[in-house]
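Residue-level structural notes
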Amino acid sequence: MKHFIIGTAGHVDHGKTVLVKALTGKDTDRLKEEKERGISIELGFAPFRLPSGIQAGLVDVPGHERFIKNMLAGVGGIDLVLLIIAADEGIMPQTREHLGIIDLLQIPQGVIVITKTDLVEEDWLELIKEEARELVAGTVLEGAPMAAVSAVKGAGIKELIQLIDEIAGAIKERPVSGQPRLSIDRVFSITGFGTVVTGTLIEGTISVGDKIEILPENIEARVRGVQVHSEKVEKAGAGQRVAVNLAGLECEEIGRGSVLVAPGYLRPSHRLDLRIRLLAGEEKPLVNRARVRVHLGTAEILARVILLEADEMLPGETGFAQLECEEPMMAARGDRVVIRSYSPMRTIGGGKIIDPGPPKRKRFDKTVIDHLATKEKGEPEDLVLQFILSSQVIVFTEDDISSGSGLNPQVVGAAIKKLAGRGELRSFLSDGKSYYISDLVFERKSAELINALEKYHLKYPLRPGISKEEIRSKHFKSLNNKLFNALLVLFEEHKVIRVNDESVSSWGFKPGPKPEQEQVFEKIETRYLAAGMLTPGWDEISSEFKLDVVGAEEVLNFFINSGILIKLDANVIIHSQNLAGARENIIRFLQENKEIGLGEARDLLKTSRKFALPIMDYFDKEKVTRRVDDKRVLY
């Protein structure tokens, strides 16, 4: 079933509440004070089932100037607005202010409703209609349909209901997929049930048993029960007025302006980037660092407006700005805010949020302005890519991207798939979690690695490569070891590098002597191969082939790392082929004789005790043999 929210707007005593009762049969003035004074102070709500079967919620908002902030608390989740103008009074101050708010919030659909038609003559009614059309010209309600009614006598009510039903059929439903978000407008306690919050579910769904988070208080709770228009339901979706019974928190811990979300969905921020618009009807410009009242959802927060492109903004102008909020705000990219002057309180402008969690911005900086312009206009995948490329970090989780770009997780997930499909994003796993790196950064880092490794290999051709830690500290210092090692796997999969235990080399590199060294290396290997089990010490080789101290160590490490020579202890180095032959002889002997002593091993291998002992210890470590007292047996 389709759900959406209808809201009323208009000057005090222009018949909003009476009209709501005529449409729904419900009186939304629930407070004693409202009954006595004849005006709405708090928000009122009524279920409204249309002839087509569409279920709407009708929000009756206060019209009196003193209660504008309560009106703002209710208007944020509205899909269709009824701008109400009394025929006997015509356009009044709050009519204009409410229209300004509707325009700033860009409420997608509206109907201009002329009420109290029974109190005026036809000629006067036509004049009011013409004034109303002139009023909405140039606003989001320009061209909106108009209805004339008398709620008291019932005239025009059926026609208005039919008109609303027709418009409702064309309204796009709010997204029910994804994470829930509800701006809380009321908090109260019911004996035996505990804390209850109400509000319009802006997006997603909420179900009994869900774990949720209340921001900015950072309180986690569980959904004990859900009601829609006083009826218990298991699940509610976007576009519905919802009452949520919460377990795990006290009524006094939260209030109007708090936001109910899925855990981790939004992050409170003291800064918001937005394009701001100063209403054309303002008498004074908006100056940089002006203190204002910011209305977002049901929250009202004091803030300073930091104009990024000018020292002041003239009426009717728009521009990029940053709000420095005195309390944390919970917003998503694309949310709209209304701005009221600090004193006297009146609506002066508003804007659309571009980044809900930005860093402090530098004023008059072309890079900043270009960045915001791209973020404002770009498709989600463009925004994701821009965030990744503009960040000092090189790898990201989906949560990192969502938080940094201001996009919700579902939008980020879809954008990542598109970018990966276009080859602009690469992924890898670490601890079972997906990480992402842009293709541009990957290619840049690949070139950086190849350049560093080629220089290193040229300087140290005998070494297997640069140590992992040196690579990390010089080229990936923002990554911890675990994440760095996972990223190395991605580079190796793309044949950029080869990982060798604790070192990294170029993909096609093999350590080896320079052409002019090859003859010496062949002679050294031949000397060890011919020596059998009575091999020379490395000092002897270094002296024989005139190797300096540094060069001798490099050559020895090459032979050992390449597996040509095996170093058994500080003084015993044996050619791997000779050691393999010794292994076969020992195994063959033990298969026939079950055990072998050190003297027998010495004679079998035709060596001395000096070499026999480290050879047999080596075979013990390699689990070829096992020592039992002073003998060895097969492992």
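What you see is a predicted model, and the numbers here were worked out from it, not measured in a lab.

So, on to the overall build of the chain. The helix and strand inventory of the chain stands at 19 helices and 33 strands. What you see for the chain is a C-alpha radius of gyration of 38 Å, clearly larger than the 26 Å of a compact globule of 635 residues, by over 25%. Once the C-alpha set of the chain is aligned to its principal axes, its extents read approximately 125 × 55 × 40 Å. Long-range pairs, those at least 24 residues apart, make up 66% of the contacts in the chain between residues at least 6 apart in sequence. For the chain, the distance from the average position of its 85 positive side-chain charges to the average position of its 93 negative side-chain charges is 4 Å.

Tallied over the full model, the rule gives 11 aromatic pairs. With 5.8 Å between their ring centres and 20° between their planes, Phe 428 and Tyr 435 make a pair best called stacked. Each member of the pair Phe 428 and Tyr 435 is classed as buried. Grouping aromatic residues by their ring pairs yields a cluster made of Phe 442, Phe 476, Phe 484 and Phe 491. Lying across the ring of Phe 476, Lys 445 places its NZ or CZ 5.0 Å from the centre. Over the ring of Tyr 460 we find Arg 463; its NZ or CZ atom is 3.7 Å from the centre of that ring.

Right, let's talk about a negative patch on the surface for a bit. On the surface, Asp 13, Asp 88, Glu 89 and Asp 118 cluster together to form a negatively charged patch. Inspection of the secondary structure puts Asp 118 in the loop between strand S5 (109–115) and helix H5 (122–136). Overall, Asp 118 belongs to the partly exposed group, its relative accessible area being 32%.

Once that is clear, we can look at the pattern of salt bridges. According to the stated counting rule, one finds 31 salt bridges in the structure shown. When the shortest N-O distance is used, the salt bridge between Glu 97 and Arg 340 registers 2.8 Å. Of this pair, Glu 97 sits in helix H4 (residues 93–105) while Arg 340 sits in strand S22 (residues 336–341), and the two are 243 residues apart along the sequence. Of the residues examined, Glu 97 reaches a relative accessible area of 12% and is grouped as buried.

Taken in spatial order, the 3 strands line up as S26-S28-S27 in an open sheet, and their pairing is antiparallel. On the outer flanks of this sheet lie strand S26 (466–467) and strand S27 (497–500), each paired with one strand and no other. With 4 bridges connecting them, S27 and strand S28 (residues 503–506) associate as antiparallel partners. Within S28, the residue paired with Asn 500 across the bridge is Ser 503.

What follows concerns the environment of Leu 82. Its place among the elements puts Leu 82 in strand S4 (residues 80–86). Residue classification places Leu 82 among the buried positions, given a relative accessible area of 0%. As for Leu 82 and Val 113, which are separated by 31 residues in sequence, their C-alpha atoms are 6.3 Å apart. The residues contacting Leu 82, other than those within four sequence positions of it, are Ile 6, Gly 7, Thr 8, Ala 9, Leu 23, Val 111, Val 113 and Ile 164.

Right, let's get into helix H7 (residues 366–377). Between the first and last C-alpha of H7 there are 17 Å, a value that for 12 residues agrees with the 16 Å anticipated at 1.5 Å per step. If you check the start of H7, you find a side-chain oxygen 2.8 Å away from the backbone N of Thr 367, and it comes from Asp 365.

Spanning 13 residues, helix H16 (residues 549–561) covers 18 Å between terminal C-alpha atoms, matching the ideal 18 Å at 1.5 Å per step. Listed in full, the buried residues belonging to H16 are Ala 552, Glu 554, Val 555, Leu 556, Phe 558 and Phe 559. Close packing links the buried residues of H16 with helix H14 (518–531), helix H15 (538–544), strand S29 (565–569) and strand S30 (572–575). For H16, the N-terminal capping position is held by Asp 548, with its side-chain oxygen 2.4 Å away from the main-chain nitrogen of Gly 551.

Conventions and cut-offs
- Once a new chain begins, its residue numbering starts again from 1 and follows that chain's sequence as written.
- Only residues with pLDDT of at least 70 are given local features in this predicted model, and only at 80 or more are side-chain atom pairs given and counted; all residues enter the totals for whole chains, interfaces and linings.
- Only hydrogens and water are set aside; all other atoms, that is, all heavy atoms of the structure, feed into the side-chain values.
- Here a helix means four or more residues in a row that DSSP labels H or I, a strand means two or more in a row labelled E, and each is numbered from the N terminus.
- Our radius of gyration looks at C-alpha atoms and nothing else; its globule reference is 2.2 Å times the residue count to the power 0.38.
- Only heavy atoms enter the contact rule, under which two residues are in contact if any of them lie within 4.5 Å.
- Lys and Arg are tallied as positive, Asp and Glu as negative. Neither His nor the chain termini are counted.
- Lysine's charge is taken at NZ, arginine's at CZ, aspartate's at CG and glutamate's at CD.
- Each pair of aromatic rings taken from Phe, Tyr and Trp, with Trp reduced to its six-membered ring, is defined by centres within 6.5 Å and is described as stacked if the planes are under 30 degrees apart, edge-to-face if over 60, and tilted in the remaining cases.
- Burial classes: relative accessible area under 20% of the type maximum marks a residue as buried, over 50% as exposed, and values in between as partly exposed (1.4 Å probe, protein chains only).
- Whether a charge sits over a ring comes down to the Lys NZ or Arg CZ being within 6 Å of the ring centre and within 35 degrees of the ring normal.
- What makes a patch is a set of residues exposed beyond 30% relative accessible area and free of salt bridges, joined within 9 Å when like-charged and within 5 Å when nonpolar (Val, Leu, Ile, Met, Phe, Trp, Tyr).
- Shrake-Rupley sampling with a 1.4 Å probe provides the accessible areas, and residues are treated as covered by the protein chains on show and by no other component.
- By definition, a salt bridge exists where a carboxyl oxygen of Asp or Glu is found within 4 Å of a side-chain nitrogen of Lys or Arg.
- Any two strands with at least two DSSP bridges between them are considered paired.
- A helix is expected to span 1.5 Å for every residue after the first.
- Here a polar contact is taken to be a pair of N or O atoms separated by no more than 3.5 Å, where protein atoms must pair a possible hydrogen donor with a possible acceptor and residues adjacent in sequence count only if both atoms sit in side chains.

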